[in-house]
Amino acid sequence: MTEPAAGGPVPVRILVCDDHVVVRAGLLALLDSAPGIEVVGEAGTGEEALALAARLAPDVVLMDLQLGAGIDGVETTRRLTTGTPTTGTPTTGTGRAPHVLVLTTYDTDADITRAIEAGATGYLLKAERPEELFAAIHAAAQGRTALSGPVAGRVMANLRKPRPALTDRERDILAQLATGLGNREIARALFISEATVKTHLRRIYDKLGVDTRAGAVAVAKEQRLLP
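The structure displayed is predicted, hence computed values, not measured ones. (Residues numbered from 1 in each chain as written. Predicted model: local features only at pLDDT ≥ 70, side-chain atom pairs only at ≥ 80, totals over all residues. Heavy atoms only, no water.)

### Focus on the overall build of the chain
Formally: Numbering of helices and strands starts at the N terminus; helices are DSSP runs of H or I of at least 4 residues and strands are runs of E of at least 2. For each residue, the accessible area found with a 1.4 Å probe, counting protein chains only, is set against the maximum for its type, and the residue is called buried under 20%, exposed over 50%, and partly exposed in between. Note on definitions: a residue-residue contact is assigned when non-hydrogen atoms from the two residues lie within 4.5 Å. Note on areas: Shrake-Rupley with a 1.4 Å probe; residue coverage comes only from the protein chains shown.
Helix and strand counts for the chain come out as 10 helices and six strands. Expressed as a percentage of its 227 residues, the buried residues of the chain come to 41%. Residue pairs at least 24 apart in sequence account for 61% of intrachain contacts in the chain once pairs closer than 6 positions are excluded. Accessible surface for the chain amounts to roughly 11700 Å². Of this, 55% is attributable to carbon and sulfur atoms.

Here it is as structure tokens:
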């Protein structure tokens, strides 16, 4: 990248993390043409991104969610934004954690929720126009939220969606379910019969619109119904 003129704006320092070599090369070529953006490194795994971020101190990490073997993009995001990747030391040499801008093809409610809860500043889809990506990078560098249109629509729809009205007992059972307990163990923990547990589970499934235990836990986490 061309050095900024004396007294000119300092470019946003970017670290790109994507496990697909061809995609990564395309992003690097694209970002190299962007004004006010400097790519300082590239990573193909979450572990590599953590190591490079600690050494290079980028302003923004452009993060894919699916990274193949090793830790995924959500866990990498969490470690980057908390500043404690493995040993409790700051992520960057400056002691300042980078902002993370997710760039992915996945736009499910669960993926969006997990990424945002992990600390991502923004969430973009790879179908976005280059201008939108550049603007989102600059926004993320300033700590401002940047969301693709479809993602923003899903977030708003979920915020407006009324949460299922679970009873206190149903919440208790759901919390036990999330720990991996079976019906018999839940009954013992809550001092109720196994038949009562099954009855409550049927009601929970109906309210959450699922038909499996795993589905109930996933929806409960997505809608923050668990303590």
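Now that the structure is up, let's keep going.
### Overview of the sheet that holds strand 6 (residues 146-147)
The line we're drawing: At least two DSSP bridges between two strands are needed for those strands to be called paired. Lines fitted to C-alpha atoms define the axes, with helix axes restricted to the stretch in contact, and inter-axis angles between N-to-C directions lie between 0 and 180 degrees.
Reading across the sheet, the six strands line up as 2-1-3-4-5-6 and stay open at both edges, with parallel pairing between neighbours. Of all strands in the sheet, those bounded by a partner on one side alone are strand 2 (37-43) and strand 6. Relative to strand 6, strand 5 (residues 122-125) runs parallel, the two sharing two bridges. Bridge pairing in strand 6 links Tyr123 to Leu147. On top of the sheet, helix 2 (residues 46-56) reaches strand 1 (12-17) and strand 2; it is set at about 135 degrees to strand 2, its chief contact. Contacts between helix 5 (residues 130-141) and the sheet are confined to strand 1, strand 2, strand 3 (60-63), strand 4 (99-104), strand 5 and strand 6, with strand 4 contributing the most and set at about 155 degrees to the helix.

### Considerations on the nonpolar core
Considering soluble globular proteins, one finds that nonpolar side chains tend to be buried as a cluster. Convention followed: In this text, buried Ala, Val, Leu, Ile, Met, Phe, Trp, Tyr and Cys residues form a nonpolar core when linked through side-chain atoms within 4.5 Å.
Core analysis: the largest hydrophobic core is formed by 20 residues, its most contacted members being Ile14, Leu31, Leu101, Leu133 and Ile137. Contributing elements (two or more residues each) for this core: strand 1, helix 1 (21-32), strand 3, strand 4 and helix 5. With six residues, helix 5 is the largest single contributor of residues to this core. Apart from the residues lying within four places of it in its own chain, the contact partners of Leu101 are Val60, Val61, Leu62, Met63, Gly122, Tyr123, Leu124, Leu133, Ala136, Ile137, Ala140 and Ala146.

### Remarks on the pattern of salt bridges
Heads up, the rule is: Here, a salt bridge means any side-chain nitrogen of Lys or Arg that lies within 4 Å of a carboxyl oxygen of Asp or Glu.
This model, assessed by the stated rule, comprises 10 salt bridges. For the salt bridge of Asp72 with Arg114, the shortest nitrogen-to-oxygen distance reads 3.1 Å. With a gap of 42 residues between them, Asp72 in the loop between strand 3 and helix 3 (73-82) and Arg114 in helix 4 (residues 109-117) connect regions that are remote in the sequence. Owing to a relative accessible area of 38%, Arg114 belongs among the partly exposed residues under this scheme. Where Glu75 meets Arg78, a salt bridge forms, and the shortest distance between an N and an O atom there is 2.5 Å. Taken together, the positions of Glu75 and Arg78, both in helix 3 and three residues apart, correspond to about one turn of that helix. What emerges from the salt-bridge pattern is a single network uniting Asp18, Asp64 and Lys126.

### Remarks on helix 8 (residues 183-190)
So the rule is basically this: Directions are taken from the helix axis to each C-beta atom, and the arc is the one they span.
Inspection of helix 8 places Asn183, Ile186, Ala187 and Leu190 among the buried residues, and these make up the whole buried set. For helix 8, the arc enclosing every buried residue in end-on projection is 100 degrees, short of the 170-degree limit, so these residues lie on one face. Here the buried face of helix 8 lies against helix 7 (168-178), helix 9 (194-208) and helix 10 (213-222). Just beyond helix 8, the residue with positive phi is Phe191, at close to 60 degrees.

### Describing the environment of Ala165
The residue Ala165 is located in the loop between helix 6 (149-160) and helix 7 in this model. For Ala165, the contacting residues outside a window of four places in its chain are Glu170 and Lys207.

### A short note on the side chain of Asn183
Just so we agree on the cut-off: The definition of a polar contact used here is a pair of N or O atoms within 3.5 Å, where within protein one atom must be able to donate a hydrogen and the other to accept one, and adjacent residues in sequence count solely through side-chain atom pairs.
Tracing the backbone through its elements, the reader meets Asn183 in helix 8. Only 2.7 Å separates the side chain of Asn183 from the side chain of Arg213, close enough to count as a polar contact. In this structure, Asn183 is in contact with Glu194, Val197, Lys198, Leu201 and Arg213, ignoring residues within four places of it in sequence.

### Considering the packing of helix 9 against helix 10
How we decide: Note on angle classes: values under 35 degrees are labelled roughly parallel, values over 145 roughly antiparallel, values of 65 to 115 roughly perpendicular, and the remainder oblique. In this scheme, a crossing is called left-handed if the near helix is turned counterclockwise away from the far one by less than a right angle; it is called right-handed if the turn is clockwise. Three categories are distinguished: nonpolar for Ala, Val, Leu, Ile, Met, Phe, Trp, Tyr, Cys and Pro, charged for Asp, Glu, Lys and Arg, and polar for the others, with Gly belonging to the last.
Close contact between helix 9 and helix 10 brings their axes to 10 Å; oriented N to C, the two are set at 55 degrees. When the axis of helix 9 is compared with that of helix 10, the two are oblique. Where helix 9 crosses over helix 10, the two elements pack in a sense that is left-handed. Where helix 9 approaches helix 10, its residues Leu201, Tyr205 and Leu208 are matched on the opposing element by Arg213, Ala216 and Val219. Its residues assigned to classes, the contact of helix 9 with helix 10 comprises five nonpolar, no polar and one charged.

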